[in-house]
Amino acid sequence: MEYIASYFSDFGGYFFAGLGVVLAVALNGISSGRGVGRVGVAAAALIKEEPEKFAQALILQLMPASQGLYGFVIGFLIMQQMEVGMDLVTGVSLFVASLPIAFVGYGTATYQADVAEASMAILAKRPEENSRGIIMASMVEMYAILAFVISFLLI
């Protein structure tokens, strides 16, 4: 027990800041990767029959990827401030700053993939209405952007 208390008094700030980096990058990366993959499967099925719709399908597939980028940027910004011996309050503050994009990004990438996957049906049946599917998927993106801005401002 004494060892743990000693560890956190010496490296607690670094530990919590690092935990924030892991959460921001890993949760968003996992969710974005899974979302891009799911929408990619739907896009591949569509392109198999109608290869001329590749560019439009690619736009829908890439939409859930943005949360991964947001998490990476926040993780990178936190890493820029990390140093061995940083105080516990600073480390916990950086950890807390990572939480909005970590959790909101994780959820919105999943939901945005749901909308983008459903929008593949719009692209398949009525390609002239494809922009409506993109707009609907973008509405989910707005919440990821809000969380990114809050995390950015907290750093």
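This is a predicted model, so every value here is computed, not measured. (Residues numbered from 1 in each chain as written. Predicted model: local features only at pLDDT ≥ 70, side-chain atom pairs only at ≥ 80, totals over all residues. Heavy atoms only, no water.)

## Remarks on helix H4 (residues 88–125)
Then comes step 1: Here H4 spans 56 Å end to end across 38 residues, near enough to the 56 Å set by a 1.5 Å rise per residue.
Then comes step 2: For H4, the principal kink sits at Ser98 and spans about 30°; a proline, Pro100, occurs within the next four residues. (Helix = DSSP H or I, 4+ residues; strand = E, 2+ residues; numbered from the N terminus. Expected span 1.5 Å × (residues − 1). Bend = angle between axes of the 7 residues up to and from the residue.)

## So, the packing of helix H2 (residues 54–62) against helix H5 (residues 130–154)
Then comes step 1: Running from amino to carboxyl end, H2 crosses H5 at an angle of 10°, the nearest separation of the two axes being 10 Å. As judged from the angle between their axes, H2 and H5 are roughly parallel. In this structure, H2 uses Gln56, Ile59 and Leu60 to contact H5, whose residues at the interface are Asn130, Gly133 and Ile134.
Then comes step 2: For the contact of H2 with H5, the per-class residue count stands at three nonpolar, three polar and no charged. (Axes fitted to C-alpha atoms, helices over the stretch in contact; angles between N-to-C directions. Parallel < 35°, antiparallel > 145°, perpendicular 65-115°, else oblique. Contact = heavy atoms within 4.5 Å. Nonpolar A, V, L, I, M, F, W, Y, C, P; charged D, E, K, R; others polar.)

## Comments concerning the pattern of salt bridges
Then comes step 1: Enumeration according to the criterion identifies four salt bridges in this entry.
Then comes step 2: In this structure, Arg38 and Glu117 form a salt bridge, with 3.0 Å as the shortest nitrogen-oxygen distance. Pair noted here: Arg38 is in helix H1 (residues 2–49) and Glu117 is in helix H4, with a separation of 79 residues, a long-range link.
Then comes step 3: When its relative accessible area of 26% is taken as the criterion, Arg38 is described as partly exposed. (Salt bridge = Lys/Arg side-chain N within 4 Å of Asp/Glu carboxyl O. Buried < 20%, exposed > 50% of the residue type's maximum accessible area, 1.4 Å probe, protein only.)

## Let's talk about the UniProt feature "domain: V-ATPase proteolipid subunit C-like" (unreviewed entry) in the protein
Then comes step 1: Here, UniProt's "domain: V-ATPase proteolipid subunit C-like" (unreviewed entry) annotation points to residues 19–78 and 95–154.
Then comes step 2: Measuring from the first to the last C-alpha atom of residues 19–78 gives 10 Å, for a span that is 88% helix and 0% strand.
Then comes step 3: For residues 95–154, the end-to-end C-alpha separation is 10 Å, with 93% helix and 0% strand making up the annotated structure. (UniProt positions renumbered as here; feature names shortened; annotations may be inferred.)

## Considering the UniProt feature "transmembrane region" (unreviewed entry) in the protein
Then comes step 1: This chain's UniProt record puts "transmembrane region" (unreviewed entry) on residues 12–30, 58–79, 91–113 and 134–154.
Then comes step 2: Here residues 134–154 is 100% helix and 0% strand, with 30 Å between the C-alpha atoms at its ends.

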